[in-house]
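What follows is each chain in one-letter form.
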Amino acid sequence: EPEVTQTPSHQVTQMGQEVILRCVPISNHLYFYWYRQILGQKVEFLVSFYNNEISEKSEIFDDQFSVERPDGSNFTLKIRSTKLEDSAMYFCARRSGPTDGYTFGSGTRLTVV
Amino acid sequence: GNSVTQMEGPVTLSEEAFLTINCTYTATGYPSLFWYVQYPGEGLQLLLKATKADDKGSNKGFEATYRKETTSFHLEKGSVQVSDSAVYFCALDSSYKLIFGSGTRLLVRP
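Fair warning: this is a prediction, and the values are worked out from it, not measured in the lab. (Residues numbered from 1 in each chain as written. Chains lettered and ligands numbered in written order. Predicted model: local features only at pLDDT ≥ 70, side-chain atom pairs only at ≥ 80, totals over all residues. Heavy atoms only, no water.)

Things to note about the environment of Tyr 31 of chain A
Residue and element names in this part refer to chain A. Position of Tyr 31 relative to the elements: it lies in strand S4 (residues 31-37). Among the residues examined, Tyr 31 registers a relative accessible area of 13% and is labelled buried. Linking Tyr 31 and Phe 104, residues 73 residues apart in sequence, is a C-alpha distance of 12 Å. If we skip the residues at most four places from it in the chain, Tyr 31 touches Phe 49, Tyr 50, Ala 93, Arg 94, Arg 95, Ser 96, Gly 97 and Pro 98. (Helix = DSSP H or I, 4+ residues; strand = E, 2+ residues; numbered from the N terminus. Buried < 20%, exposed > 50% of the residue type's maximum accessible area, 1.4 Å probe, protein only. Contact = heavy atoms within 4.5 Å.)

A few points about the side chain of Thr 13 of chain A
All names here are of chain A. Position of Thr 13 among the secondary structure elements: in strand S2 (residues 10-13). Note on Thr 13: relative accessible area 8%, which makes it buried. When neighbours within four sequence positions are excluded, Thr 13 is seen to be in contact with Val 19, Thr 82, Leu 110, Thr 111, Val 112 and Val 113.

So, the nonpolar core
Counting 27 residues, the largest nonpolar core has Leu 19, Trp 35, Leu 47, Leu 48, Phe 73, Leu 75 and Tyr 88 of chain B as its most contacted members. Apart from the residues within four sequence positions on either side, Leu 19 of chain B is in contact with Val 11, Leu 13, Phe 62, Leu 75, Glu 76, Lys 77, Val 80 and Leu 106 of chain B. Ranked by size, the runner-up nonpolar core spans 20 residues in total, among them Trp 34, Leu 46, Leu 110 and Val 112 of chain A. (Core = buried A, V, L, I, M, F, W, Y, C linked by side-chain atoms within 4.5 Å.)

Considerations on the sheet that holds strand S8 (residues 75-79) of chain A
Residues and elements named next belong to chain A. As summarised here, the arrangement of the four strands in space is S1-S3-S8-S7, forming an open sheet in which the pairing is antiparallel. Unpaired on one side and paired on the other, strand S1 (5-7) and strand S7 (65-68) mark the two borders of the sheet. Taken pair by pair, the neighbouring strands of this sheet meet at an average axis angle of 15 degrees, ignoring direction. (Pairing = 2+ DSSP bridges. Axes fitted to C-alpha atoms, helices over the stretch in contact; angles between N-to-C directions.)

Focus: the packing of aromatic side chains
Counted by the stated rule, this structure contains 20 aromatic pairs over all chains. Members of the aromatic cluster, connected to one another through ring pairs, are Tyr 33, Tyr 35, Phe 45, Phe 91, Tyr 102 and Phe 104 of chain A together with Phe 34, Tyr 36, Phe 89 and Phe 100 of chain B. Its guanidinium or amino end placed over the ring of Phe 45 of chain A, Lys 97 of chain B lies 5.5 Å from that ring's centre, counting from NZ or CZ. (Phe/Tyr/Trp six-rings, centres within 6.5 Å; stacked < 30°, edge-to-face > 60°. Lys NZ or Arg CZ within 6 Å of the ring centre and 35° of its normal.)

A few points about the interface of chain A and chain B
The interface of chain A with chain B comprises 17 residues on the first partner and 16 residues on the second. Taken together, the connections running from chain A to chain B amount to two salt bridges. Note that Lys 97 of chain B is salt-bridged to Glu 56 of chain A, the shortest N-O span being 2.7 Å. Scanning the region where chain A abuts chain B turns up nine residue pairs in polar contact (both at pLDDT 80 or more). Residue assignment for the side of chain A that touches chain B shows that the elements contributing at least two residues are S4, strand S5 (43-50) and strand S9 (88-95) of chain A. (Salt bridge = Lys/Arg side-chain N within 4 Å of Asp/Glu carboxyl O. Polar contact = N/O pair within 3.5 Å; in protein donor to acceptor, adjacent residues only side chain to side chain.)

Focus on the pattern of salt bridges
Residue and element names in this part refer to chain B. Summed over the entire model, instances satisfying the criterion amount to six salt bridges over all chains. With its nearest N and O atoms 3.6 Å apart, the salt bridge here joins Lys 56 to Glu 63. Residue classification places Glu 63 among the partly exposed residues on the basis of a relative accessible area of 33%.

Brief notes about unusual backbone geometry
Cis geometry marks the peptide bond from Thr 7 of chain A to Pro 8 of chain A, where omega comes out at -10 degrees. Here the bond from Gly 9 of chain B into Pro 10 of chain B is cis, since omega is 0 degrees, no more than 30 degrees from zero. The residue Pro 10 of chain B is located in the loop between strand S1 (3-6) and strand S2 (11-14) in this model. At Asn 52 of chain A, a residue that is not glycine, the phi angle is positive and equals roughly 65 degrees. Checked against the element boundaries, Asn 52 of chain A lands in the loop between S5 and strand S6 (53-57). A positive phi is found at Glu 16 of chain B, a non-glycine position, where the angle reads about 75 degrees. You can see Glu 16 of chain B is positioned in the loop between S2 and strand S3 (19-21). The class for Glu 16 of chain B is exposed, based on a relative accessible area of 60%.

Describing the pairing of strand S8 (residues 62-65) of chain B
Examined bridge by bridge, strand S7 (residues 56-59) of chain B and S8 of chain B share four bridges and lie antiparallel to one another. Bridge pairing in S8 of chain B links Lys 56 of chain B to Thr 65 of chain B.

Following this line, the structure appears as structure tokens:
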């Protein structure tokens, strides 16, 4: 299957700034996800998005985070006011249906300085 | 809640050695189980999966069998190569999201 494309591959931002991470899945997929991986640690679930709505979010996904699918193909994760501890690798994922496998993007490495 | 426990790494092996990476899970019902691999500097790639008890997933010489009696999904490979050096994540499908284990780093030396 075609890959999930994430942009940018690496972003450096100053603490307190807003960042938008982008994901381009295939438009006929219904389920989208954001995960993050702090360096050397486990992959953590952030949020799931189904039928253009958030279906579930984790405790990590606080008011600083938001997701959108603004144009029907791109899927974005916004962090409103970044903190040092937001530095991590952020992965987008998609799946076609509830019993299908998950396909991950190559990730965006976010560094907050 | 549902969770996944993996053996801690790193696991260091010589080329052509036999590999086992242990994975056990806690879950209600019988979730689908996955192994993902992350090569250095890259994203997560699905290695194999099993959707029901006693299923065996296999890919690229790797195998894992869904054992409900021991709630395990151990990853095995008969003869590892240097190119298999990566981090391996066991995961389960929990209410339409993946829950990952902490990952096990594999280092294969020539």
